[in-house]
Amino acid sequence: MTANNRIVLTSDHTAIPLRQAIAAHVSAQGWVVVDIGPTAPDSTPYPKQGEAAARRVATGDCRFGIILCGTGQGIMMAANKVRAIRCGVCADTFSARMIRQHNDANMLSIGARVVGEGLALDIVDAFLTAQFDGGRHTPRVEMITALEA
Ligand code: RB5
């Protein structure tokens with residue numbers, strides 16, 4: 001685990017139970033969970049939640065962000081608009097591992113209407129235990145960052 005052991009979690013209204021399951025799962029592993037809601041099932045726009053979580057990661061307050069909506073797509077798009085964020089949607093463990101190893105992703109997005117809880121927790125584990133490979137991947141990630149200029 002890294003020195004910053006804080007993970008920000010958020011979702012829209014479609015993914016509250018799965019988000020809470022992920023929060024309990026990573027908390028049991030020793031991560032400090034910063035859950036920024038929502039808790040009520042009222043309609044909550046995913047862009048607002050994605051942005052709020054992304055800012056926690058971009059400022060360094062949290063090492064990683066895990067964000068959820070129905071598909072995982074909309075909230076990922078919002079998060080990736082924030083400078084320094086590299087967020088991928090994953091519905092399989094291979095992709096979750098590779099976005100860390102090759103893309104140095106700092107946020108993971110999951111679709112609560114796409115994957116069940118068991119697979120979602122495996123995806124989270126794959127993401128959190130993988131390390132960035134560096135090497136030939138470093139200049140490629142730097143090219144992504146350069147697009148922000
Ligand atoms: C909400 O109905 C749904 O659009 C949202 O959860 C997400 O799937 C958007 O990308």
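Here's what I pulled together on the structure shown here. Worth saying up front: this structure is predicted, and the values here are computed from it rather than measured. Within every chain, residues take consecutive numbers counted from 1 along the sequence as written. Where local features are concerned, this predicted model is filtered to residues with pLDDT of at least 70; where side-chain atom pairs are given and counted, the filter is 80 or more; whole-chain, interface and lining totals use all residues. Excluded from the side-chain calculation are hydrogens and water; included are all heavy atoms of the structure.

### A few points about the site of the ligand
Proximity is defined per residue: any heavy atom of the residue falling within 4 Å of a molecule or strand makes that residue near it. Surrounding the ligand, one finds Asp12, Thr14, Tyr46, Cys69, Gly70, Thr71, Gly74 and Arg113. We call two N or O atoms a polar contact when they sit within 3.5 Å, provided that within protein one can donate a hydrogen and the other can accept it, with sequence-adjacent residues counted only if both atoms are side-chain atoms. Between an oxygen atom of the ligand and a main-chain N or O atom of Gly74, the distance comes to 2.9 Å. For accessible areas, the Shrake-Rupley method is used with a probe of radius 1.4 Å. Any residue's cover is judged against the shown protein chains and nothing else. Alone, the ligand offers 290 Å² of accessible surface; in the complex the protein occludes 70% of this. Amino acid classes used here: Ala, Val, Leu, Ile, Met, Phe, Trp, Tyr, Cys and Pro are nonpolar; Asp, Glu, Lys and Arg are charged; the rest, including Gly, are polar. For the shell around the ligand, the class distribution of residues is two nonpolar, four polar and two charged.

### Regarding helix 2 (residues 46-58)
Starting at the N terminus, helices and strands are each numbered in turn, a helix being any DSSP run of H or I of at least four residues and a strand any DSSP run of E of at least two. What a helix should span is 1.5 Å times the count of its residues minus one. Compared with the 18 Å implied by 1.5 Å per residue over 13 residues, the 18 Å span of helix 2 between its first and last C-alpha is a close match. Every buried residue of helix 2 is listed here: Gln49, Gly50, Ala53, Ala54 and Val57. Across the axial projection of helix 2, the buried residues extend over an arc of 130°, all falling on one side. Of the surrounding elements, those touching the buried residues of helix 2 are strand 1 (6-11), strand 3 (64-69), helix 3 (73-79) and strand 5 (107-111). Accessible area is worked out with a 1.4 Å probe on protein chains only. A residue is then buried under 20% of its type maximum, exposed over 50%, and partly exposed in between. Throughout, the arc means the angular range of directions from the helix axis out to the C-beta atoms. Throughout, a residue-residue contact means that at least one pair of heavy atoms, one from each residue, lies within 4.5 Å.

### Topic: the pairing of strand 3
A regular strand carries its side chains on alternate faces of the sheet. Here strand 3 lies mainly inside the structure; six of its six residues are buried. Burial of strand 3 is two-sided: the residues Phe64, Ile66 and Leu68 facing one way and the residues Gly65, Ile67 and Cys69 facing the other way are all buried. Across five bridges, strand 1 lies against strand 3 in parallel orientation. Residue pairing in the sheet places Val8 in a bridge with Gly65 of strand 3. Note on pairing: two strands pair once DSSP finds at least 2 bridges between them. Both strand 3 and strand 5 contribute to a ladder of five bridges, which runs parallel. Bridge pairing in strand 5 links Leu68 to Ile110.

### Overview of the side chain of Thr10
Assignment of secondary structure puts Thr10 in strand 1. We classify Thr10 as buried; its relative accessible area is 0%. If sequence neighbours within four positions are ignored, Thr10 has contacts with Arg19, Ile36, Gly37, Pro38, Gln49, Gly50, Ala53, Ile66, Ile67, Leu68 and Ile75.

### Some points on the sheet that holds strand 5
Reading across from one edge, 2-1-3-5-4 is the order of the five strands in this open sheet, with parallel pairing throughout. Unpaired on one side and paired on the other, strand 2 (32-35) and strand 4 (87-89) mark the two borders of the sheet. Averaged over all pairs of adjacent strands, the angle between their axes in this sheet comes to 20°, without regard to strand direction. Relative to strand 2, strand 1 runs parallel, the two sharing four bridges. Across the sheet, residue Leu9 finds its bridge partner in strand 2, namely Asp35. Of the strands in this sheet, strand 1, strand 3 and strand 5 are in contact with helix 5 (residues 117-129), which crosses strand 5 at around 165°. For every element, the axis is a line fit to its C-alpha atoms; helices are fit only across the contacting stretch, and the angle between N-to-C directions ranges from 0 to 180 degrees.

### Thoughts on the packing of helix 4 (residues 93-101) against helix 5
In the contact formed by helix 4 and helix 5, the axes pass within 8 Å of each other and the chain directions differ by 25°. With respect to helix 5, the element helix 4 is oriented roughly parallel. As for the relative orientation of helix 4 and helix 5, their crossing is right-handed in sense. Where helix 4 abuts helix 5, its residues Thr93, Ala96, Arg97, Ile99 and Arg100 lie against Leu119, Asp122, Ile123, Ala126 and Phe127. Class assignment of the residues belonging to the contact of helix 4 with helix 5 gives a composition of six nonpolar, one polar and three charged. The scheme is simple: roughly parallel for angles under 35 degrees, roughly antiparallel for over 145, roughly perpendicular for 65 to 115, oblique for anything else. By definition, turning the near helix anticlockwise from the far helix through less than a right angle yields a left-handed crossing, and turning it clockwise yields a right-handed one.

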